[in-house]
Amino acid sequence: MHIYGRLFMLRKINSILTIPIYILFAAHLILMSGLLTGFVGFNPDFKIISFTLAALVLVHALFGIYFAFERIFLKKRGQKAYPKENKIFRVQMISGIAMLILVLLHTTAYGYTNAEGIFVLRDPSVFYYITECLLALSVCAHSAVSVPRMAITFGLIKEGKGLLKIVKVSTAVFTLVFIFAVIVFSSYYLPSILGGIL
């Protein structure tokens, strides 16, 4: 199979993989927001969603790393570069790397399991508050540029004017998701942080 055909098939598989990622991400966001704000009690089944989401994100990240190396390989072979597409690719790559680092910090932000196997909730801190807000920002930035590319891969839109409209809508939607996440994080972290200062 020609390199472009293989890349297209892998991109399509990766795009299909993002559908359960977004579904599980939405479930994780809603359940954990409810937990942090006190509307939902803790349920051990929440871990299944979290671990499945983490596994899918890891596979998605491995695809992304492969695509990045493939892109560098094609560029070295003198393939044509598209400046606008390269900007989107850079945003995807930078936000993807940021997400991987921040997800590792996110897994330790709320608590840990002690030697007796009991989950212990951490006291909220400024460090984790900033980490969570940056994670939300990187997820939203990554998604805002990735959703339109996914729509192209599925043949829902073609590059051109339709793409610009999808990018604007995608950016608006993920900006609202980011604002929601910051409000939830603020409701959890700020009372404890400010209470410690005052």
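So, how was this worked out
Residues numbered from 1 in each chain as written. Predicted model: local features only at pLDDT ≥ 70, side-chain atom pairs only at ≥ 80, totals over all residues. Heavy atoms only, no water. Helix = DSSP H or I, 4+ residues; strand = E, 2+ residues; numbered from the N terminus. Contact = heavy atoms within 4.5 Å. Areas by Shrake-Rupley, 256 points an atom, 1.4 Å probe, with all protein chains shown as cover. Buried < 20%, exposed > 50% of the residue type's maximum accessible area, 1.4 Å probe, protein only. pLDDT = per-residue confidence, 0-100. Core = buried A, V, L, I, M, F, W, Y, C linked by side-chain atoms within 4.5 Å. Phe/Tyr/Trp six-rings, centres within 6.5 Å; stacked < 30°, edge-to-face > 60°. Lys NZ or Arg CZ within 6 Å of the ring centre and 35° of its normal.

1. Points about the overall build of the protein
Here's step 1: The helix and strand inventory of the protein stands at five helices and two strands.
Here's step 2: Ordered by position in the sequence, the α and β elements of the protein form the string α-α-α-β-β-α-α.
Here's step 3: For the protein, the share of sequence-separated contacts (at least 6 apart) that also reach a separation of at least 24 residues comes to 73%.
Here's step 4: Total accessible area on the protein is roughly 12500 Å²; 75% of this is exposed by carbon and sulfur atoms.

2. Observations concerning the side chain of Ser-143
Here's step 1: One can find Ser-143 in helix H4 (residues 126-153).
Here's step 2: A residue is classified by how much of its surface remains accessible, and Ser-143, at 4% relative accessible area, is buried.
Here's step 3: Excluding anything up to four places from it in sequence, Ser-143 contacts Tyr-22, Pro-148, Ser-170 and Phe-174.

3. Details of the confidence of the model for the protein
Here's step 1: Overall, the prediction assigns the protein a mean pLDDT of 82, with 87% of residues at 70 or greater.
Here's step 2: Summarising per-element confidence for the protein, the mean pLDDT is lowest in strand S2 (residues 119-121) (72) and highest in H4 (88).

4. Some thoughts on the nonpolar core
When a protein is soluble and globular, its nonpolar side chains tend to lie buried together.
Here's step 1: In terms of nonpolar packing, the biggest core is built from 13 residues, with Leu-36, Ala-109, Tyr-110, Tyr-129, Phe-185, Tyr-188 and Tyr-189 touching the most fellow members.
Here's step 2: Elements with a contribution of two residues or more to this core: H4 and helix H5 (161-197).
Here's step 3: Among the elements that line this core, the one with the most residues is H5, at six residues.
Here's step 4: In this view, Tyr-189 contacts Ala-109, Tyr-110, Pro-124, Ser-125, Tyr-128, Tyr-129 and Glu-132; residues no more than four positions away in its chain are not counted.
Here's step 5: Membership of the second largest hydrophobic core comes to nine residues, among which are Leu-17, Ile-21, Leu-24 and Ile-49.

5. Here's the deal with the packing of aromatic side chains
Aromatic ring pairs are defined here through the distance separating the ring centres and the angle between the ring planes.
Here's step 1: Scanning the entire structure with this criterion turns up six aromatic pairs.
Here's step 2: Ring centres 5.2 Å apart and planes at 70° place the aromatic pair Phe-127 and Tyr-128 in the edge-to-face group.
Here's step 3: If you follow Arg-11 out to its NZ or CZ, it ends over the ring of Phe-67, 4.5 Å from the centre.

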